[in-house]
Structure formats: structure tokens, C-alpha cells
Amino acid sequence: MSGATLSNRKPETGAFYQRDLDWHPPAYTPQYKTSVLRSPQKALLSLDNTLSEITGPVFGHNILGELDNDLIHNFAKAGESAIGPRIIVHGHVLDERGRGVDGVLLEFWQANAGGRYRHRKEGYMAPLDPNFGGCGRTITDENGYYCLRTIQPGPYPWPNRANDWRPAHIHFSAFGHGFAQRLITQMYFEGDPLIWKCPIVDTIPDREAIEGLTAVLDMEATIPMDARAYKFDIVLRGRRSTLFENRREGN
Amino acid sequence: MAQSLNRLKESASQTAGPYVHIGCTPNFAEITGVYSEDLGASMVNDKTKGERITISGHVIDGADTPLKDALVEIWQADASGLYNSPAEMRGSADPNFTGWGRCPTDMTTGEFRFETIKPGRVPFKDGRLMAPHITFWIVARGINLGLSTRMYFEDEEAANAEDPVLARIEHRVRVPTLLAKKDGNGYTFDIHLQGEKETVFFDI
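In this report, the structure presented in the accompanying data block is examined. (Residues numbered from 1 in each chain as written. Chains lettered and ligands numbered in written order. Predicted model: local features only at pLDDT ≥ 70, side-chain atom pairs only at ≥ 80, totals over all residues.)

Of the regular secondary structure elements, chain B holds two helices and ten strands. Over its C-alpha atoms chain B spans a radius of gyration of 18 Å, differing by no more than 12% from the 17 Å that the globule rule assigns to 204 residues. Principal-axis analysis of the C-alpha atoms places the extent of chain B at approximately 65 × 45 × 40 Å. Here chain B holds 204 residues, and the buried ones make up 49% of them. In chain B, of all internal contacts separated by at least 6 residues, the share reaching a separation of at least 24 is 66%. (Helix = DSSP H or I, 4+ residues; strand = E, 2+ residues; numbered from the N terminus. Rg over C-alpha atoms; globule rule 2.2 N^0.38 Å. Buried ≥ 20, exposed ≤ 12 C-beta atoms within 10 Å, placed from the backbone. Contact = placed C-beta atoms within 7 Å.)

Printed below as a string of C-alpha cells:
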């Protein structure tokens, strides 16, 4: 991490657009049982952004290792690779204005092809893959573009109602330019019937918002005889221009 | 019909789930050899300016039980009130202070702990100084959208009394939910997700 900017763009200092809390899942979603005791019940204190929310750290490309965005190989023994359907996931991180966001730290994690996570608290009977760790990261380029290579994760059962299954998914954490842009979400796969049966997906009120988390098969980006490709764009909050804002010195 | 604004909608949030550590702190999750260290594990070095402090606490659910699978991130100004960020236009922050920390809550005790420095004061939008504070962001299984809040310092009584953000809290009885308690060389800051002691969470 350093204070240097990653591009020639002038850093933006405007406040972020008000977050549409009706578009995001509400805190209290009883179909997803864990949310019941973990959901704040009082009104949030709404705040137009101050410097504390507008600013955020920068992650330089120098933190990245060569295999950080290659989950097929970044945990595998030399000469071996993770088991499962080989895929590429790629797309842009945009903001609500449609602009590519450069320098976004994306971290991703997922279950293996059998639907098993490499985690001490994981109890599903599907086996671990000795060559699959399940984590990766990358940083978007000057246009907001990113890509990663992995195996398609499997769906898995989880303790909620007696027979709930998660659709195949990849978790994404996005670190944009300001701390108020911080976002964690999940990517689903086009055509997976479990999407519409999942209580966690169902926390999102709007079907269009769910479709916005569903990656689409991208045959043109597919590598023949090697890996299919899915396109997945991520949208972070947009921010206001500061051109006509009256600002006192020091801000 | 009028023109379209051509705006996109922000990607909808989804819970970080129980295995957020795999992606954000893999070494903590015993996935070693992929990254040399977990990001955000250290905020300071031996040249960092300012008063060293430790902040520890728990994230506590509505049944008074600490979360053992949460991830807490903090963001703060340096000792002179400058952020280590390209959007900081007032000067250059201490290069030996990142300002950003990330800590999973302990899988057994639920405790989080940050070794950092006490931040300086940062101006509000109108130029008035805010009291020293640290922005918190909490994600976990069962939290559908990351929770934002601020930690202030209980021993900054004068600054807290004139802080324009704390002044916005209508129910004054809730202000202490944002005040870290002095505890030796450190501060304790417990975050309550629900109940009588529910922390004031922010829509930023």
C-alpha cells in the first residue's frame, strides 16, 4: 500500500451518491436465519460523506504475486492443478456513472468443485482438493478491467432450513477509491436453478438486482479446448462532481 | 419521454458468509503459501508518528454472544489528522502509517484487536473540526450489507462535545455506544448489533 495514485487521473474528492438501501438486502431477513440476531433494528444515522468516508487506502499492483488471480494453480503443487471445470471470470468494475474504476482491489473466495470450503469450521462431506485453496485477488487496470482463472465451484447444502442449498457462487470483496464504496457480494452463474431457491439470494428484494449478480457465459472470451469464460461486471457507488460545491478551506 | 441518465445500479450486497477469512485473511484461515501476509494485519511500523494505542473489542449479537466469524476493518487519519489516500488534498499523510486495518474476530473468543495510533482531528464539511474518530466496517455471516459506524474516544470529552456528527444523534442516551473506553494503554470498543445497547450504525 502506498500513497501514490495509480493513474494520471486527478483524484476525485466528491461525496458518493446516496446508497439505495431498498435495492440492497435489508438487515432483517428471517428466511436467512442467522440474520435474525445479527440485524440492527434502529434507524441508521444518515450522513453526507465527510473526508473520513470519501478517502480510502490505495493498493499497489506490487502487492500481487504472479498466481494471485489463478486459483487453479496458486495453491497447487508444482506441475499439478485444481480439479473441476476450468473457467475464466472477467469483467469491469464500474461506478454508477458507468466509468471504469481503476486500482480496485478485488478479493475472491469460493468452495471447490465438490462444494467444499477449505476452512476449519466447514463440515460438508465432500472432499477437499489438495490442490485448491479457494482464495485469489487482483487489482483492476486503468480501465477497471479484471480477470481471474479458477474452477467452477459446486453447490452445497447448508444448515438453515432442513434442505437449503447454495447455488454455485464466488464471493467478491471490492475495495474502491473511498471507504464508503466498500462492498462484499457474490457472483452466481447464469442458468443455475438454485439461484431462485436460495434464502440468501432471496434477501435481495429486486429480481433485477439478483440478475445483476449473475454472470453470463461469454463464448467469445472462452479459450477453445481449455476454459469457458463468464463475464461479471461489478458496480460500485458513483460520486458527485465537486465543481460547483462551496467548500471551505481545509476540505 | 426525456433523456436517460444512463446510471447503473450499485451491485447488490450479499453476506460475507462464514468463510470470509478464506478470501480476506487466508493466512488466518490456515491457507498458507498463497500470500506472504494478510492485508491490513499491520498498520504501523517503528517510525510511525503518534500515540500508540491498542483497540480491542467484540461484535455482539442480539443474544449477547460475541461473533466468532466476523471481519472488522478500520480506516482512520494519521496523528496529524491526514488520511493516507489520493483523495486527501490537504497535505501528505505519515508514510509510515497505512490508516487501514483489517482483523478477523478470534474463532474462539470473538475478540478483535488493532495496534494503531490515535488519530488527529479531521475537518467536517463546513471546516469545523470533528473529534478524533475511527471508521469501522463490519461484515459477517448473517450481515447482509456491511455495517458502518464510528469509534470515538471517551477521554476526548471537549472534542466530542463539539463534534458535528455526534451532535446529529437525536437520542443522546445512544451517544456512548460510539465511545471507546480507556483501558490501560488501550481502548475497548464493543459493537452491539441489537438490543438496548445497539450501536449507532451509519448510512454513509
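Still to come is the rest of the account.
This paragraph deals with the overall build of chain A. Counting its secondary structure elements, chain A contains two helices and twelve strands. Listed by position from the N terminus, the elements making up chain A come as β-α-β-β-β-β-β-β-β-β-α-β-β-β. Since a compact globule built from 251 residues should have a radius of gyration of about 18 Å, the 20 Å found for chain A is in line with a globular shape. Expressed as lengths along the three principal axes of its C-alpha atoms, the size of chain A is roughly 60 × 45 × 35 Å. For chain A, the proportion of its 251 residues judged to be buried stands at 45%. Excluding contacts between residues fewer than 6 apart, the proportion of contacts in chain A whose partners are at least 24 apart in sequence is 72%.

Residues and elements named next belong to chain B. Locating threonine 54 in the fold gives a position in strand β1 (residues 52–60). The spacing of threonine 54 and glutamate 88 is 34 residues in sequence and 25 Å in space, taken between C-alpha atoms. Ignoring any residue separated from it by four or fewer positions in sequence, one finds threonine 54 in contact with Arg113, Glu115, Asn185 and Gly186.

To continue, consider unusual backbone geometry. Positive phi outside glycine occurs at A:Met225, with the angle close to 65°. Note that A:Met225 resides in the loop between β10 (214–217) and β11 (228–231). The exposed category is assigned to A:Met225, around which 5 C-beta atoms lie within 10 Å. In this structure, B:Asn6 takes a positive phi of about 55° despite not being glycine. You can see B:Asn6 is positioned in the segment before α1 (20–24). The exposed category is assigned to B:Asn6, around which 8 C-beta atoms lie within 10 Å.

Turning our eyes to something else, we now look at the nonpolar core. Side chains of a nonpolar character, in soluble globular proteins, are inclined to be buried together. Core analysis: the largest hydrophobic core is formed by 110 residues, its most contacted members being A:Ala174, B:Val72, B:Ile138 and B:Val139. Not counting residues up to four positions away in its chain, the partners in contact with A:Ala174 are A:Val93, A:Val104, A:Leu106, A:Leu183, A:Ile234 and A:Leu236. (Core = buried A, V, L, I, M, F, W, Y, C linked by C-beta atoms within 7 Å.)

Time to look at the pairing of strand β6 (residues 147–153) of chain B. Residues and elements named next belong to chain B. Most of β6 sits out of view: seven of its seven residues are buried. Of the two faces of β6, the one carrying Leu147, Thr149, Met151 and Phe153 and the one carrying Ser148, Arg150 and Tyr152 are both buried. Sheet topology places strand β5 (residues 133–139) next to β6; six bridges connect them, and they run antiparallel. Bridge assignment links isoleucine 138 to a residue of β6, and that residue is leucine 147. The pairing of β6 with strand β7 (residues 179–183) spans two bridges and is parallel. Counted as the bridge partner of phenylalanine 153 is alanine 180 from β7. (Pairing = 2+ DSSP bridges.)

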